[in-house]
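Each chain is listed here by its residues.
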Amino acid sequence: MDLAAEYFDDGSSFVAIDPLSINPKSLTDFSLFERYARKDGQYRFRCLLVDSKSIPRERLIKMLASWDVVYIHKNQNLNYTQYVKKNLEFILKHEDIDVKKKTGTLINLATEVVLESFATNFVSREDCKWAIKNIENLISQAMDFISGIESLEGMADLIGHDYQTHTHSIKVGWLTATFINANPDLFEVETAQLKDFMIQATVAGFLHDIGKIKIPKNVINKKGKLNNLEYVIIQSHTAYSTSLLFESKLPRSSMQTILYHHENEDGSGYPCGLSGDQIPLMAKICHIADVFDALTSKRPYKAARTPFEALKIMAGENPYLETLKKFEAEAMENSKIPVTVIVKDDYEAKLRRLREKELLEEEAKKRVEARTKLRDQGMSHCFDTDFLKRFIVTINKSESFDLSRLL
Ligand SMILES: [Fe+2]
């Protein structure tokens, strides 16, 4: 759309952007404005540049360096978003852009593509391909940034917030990439193929919980603890994720990671009860990143743990492991609270049966509470000890995390 050269506005029609996000080698199709405050509380917005086609590159570089902030008209916001998506790699590699700003840009774009893929519902093969392509495109541009230790500074700012499936998925993919980059010796992958391998792992992280779109909303959004039946329903998300992505042509390693990201090292996980070497390495990392992020996120029924507290739980040996396993097995077997027959026209018997039903429900609730509490006593049985130690060493390399007391 054509814009005027000058606007008088209360500021609501314009958006501030960082001039450093403009790549001198990539032409813009949106106009840049500067802003002047006026005595009447309004602003004057004056056009600095209609688009970057009209001026020589050298001059553009000088202009961009001379501005601290520039504005775009909100009618061209979509053009700018598309531009940032196309130039994400340039932005993330820019030495003068602050890590936190880079993280903000990345999270905005990643949220958009993950939400798009969650909304797609994967009803057609074309939808599926399109969603995967968008995610792969974003991740391949962001890979050098997210797999570097410096990016953990931006990641640290995202920890401790409310749990949301899409931001959780982004962080899991991100942590998985950082881990692989810092521990390439664990994987039998040629150096030249390492980047592709990290992309596959990150795509798996971004999509590992996609099957949750098939879980009823009242279970997914439940504010309290899950009862036994809901616990079993939630566990079906790994199988749903795999079936939704069945036609996606995702590499085998990504699919395995998505299916097995809840398998525990001692065989007590789901969906298959795999243990030790049966669990693919990429799935082991995704599992660690997944639990770490879940514990450090806030939920309506629990406060966020700090990274130190979360990893202490994850590395801790559970003194009540046998009892915990009994509760877990019971939750799988007794996922339904038994329904009591109500005897017609027998008031006393009816009351007695109702009371029995109430007692059973109370008992089941207590056992759910106990199961949840017991899990927090130690989770080392869920993870590969070497992988968990390396995970702690990896994130401890960033100054934003101090986990030295765990090492
Ligand atoms: Fe999951």
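Residues numbered from 1 in each chain as written. Predicted model: local features only at pLDDT ≥ 70, side-chain atom pairs only at ≥ 80, totals over all residues.

### Notes on the overall build of the chain
- On a plain count of helices and strands, the chain comes out with 17 helices and five strands.
- C-alpha atoms of the chain, sized along the principal axes, occupy 85 × 60 × 45 Å.
- For the chain, with 407 residues in total, the buried portion stands at 33%.
- When contacts within the chain are restricted to residue pairs at least 6 apart in sequence, long-range pairs at least 24 apart make up 73% of them. (Helix = DSSP H or I, 4+ residues; strand = E, 2+ residues; numbered from the N terminus. Buried ≥ 20, exposed ≤ 12 C-beta atoms within 10 Å, placed from the backbone. Contact = placed C-beta atoms within 7 Å.)

### So, the nonpolar core
- Counting 66 residues, the largest nonpolar core has A142 and F292 as the members making the most contacts within it.
- At 10 residues, helix α5 (residues 125-146) tops the list of elements feeding residues into this core.
- Once you skip the residues sitting within four places of it in the chain, A142 turns out to touch L88, L92 and L106. (Core = buried A, V, L, I, M, F, W, Y, C linked by C-beta atoms within 7 Å.)

### Here we look at the domain arrangement of the chain
- Split by domain assignment, the chain resolves into domain 1 (1-82), domain 2 (87-317 + 378-406) and domain 3 (321-374).
- Computed from C-alpha coordinates alone, the two centres of domain 2 and domain 3 are separated by 35 Å.
- If you look at the interface, domain 2 gives eight residues, while domain 3 gives 12 residues. (Domains from an automatic or database assignment.)

### Quick word on the packing of helix α8 (residues 191-207) against helix α12 (residues 252-260)
- Viewed as axis vectors pointing N to C, α8 and α12 meet at an angle of 35°, and their least axial separation amounts to 9 Å. By crossing handedness, the relation of α8 to α12 is classed as right-handed. Side by side, α8 and α12 meet where Q200, A201, V203, A204 and L207 of the first sit next to S253, S254, T257 and I258 of the second.
- Looking at the contact of α8 with α12, its residues break down into five nonpolar, four polar and no charged. (Axes fitted to C-alpha atoms, helices over the stretch in contact; angles between N-to-C directions. Left-handed = near helix turned anticlockwise from the far one by under 90°. Nonpolar A, V, L, I, M, F, W, Y, C, P; charged D, E, K, R; others polar.)

### Digging into unusual backbone geometry
- In this chain, Y270 is followed by P271 through a cis amide linkage whose omega measures 10°.
- Within the element layout of this structure, P271 appears in the loop between α12 and α13 (281-295).
- One non-glycine residue, K249, lies in the positive phi region at around 65°.
- Tracing the sequence through the fold places K249 in the loop between α11 (237-244) and α12.
- The exposure class of K249 is exposed, given the 11 C-beta atoms found within 10 Å.

### Observations concerning the environment of I288
- Mapped onto the fold, I288 is located in helix α13.
- Exposure remark for I288: the 25 C-beta atoms within 10 Å place this residue in the buried category.
- In sequence terms I288 and F145 are 143 residues apart; their C-alpha atoms lie 21 Å from each other.
- When near neighbours in sequence (up to four residues on either side) are disregarded, I288 contacts F383, F387, L388 and F391.

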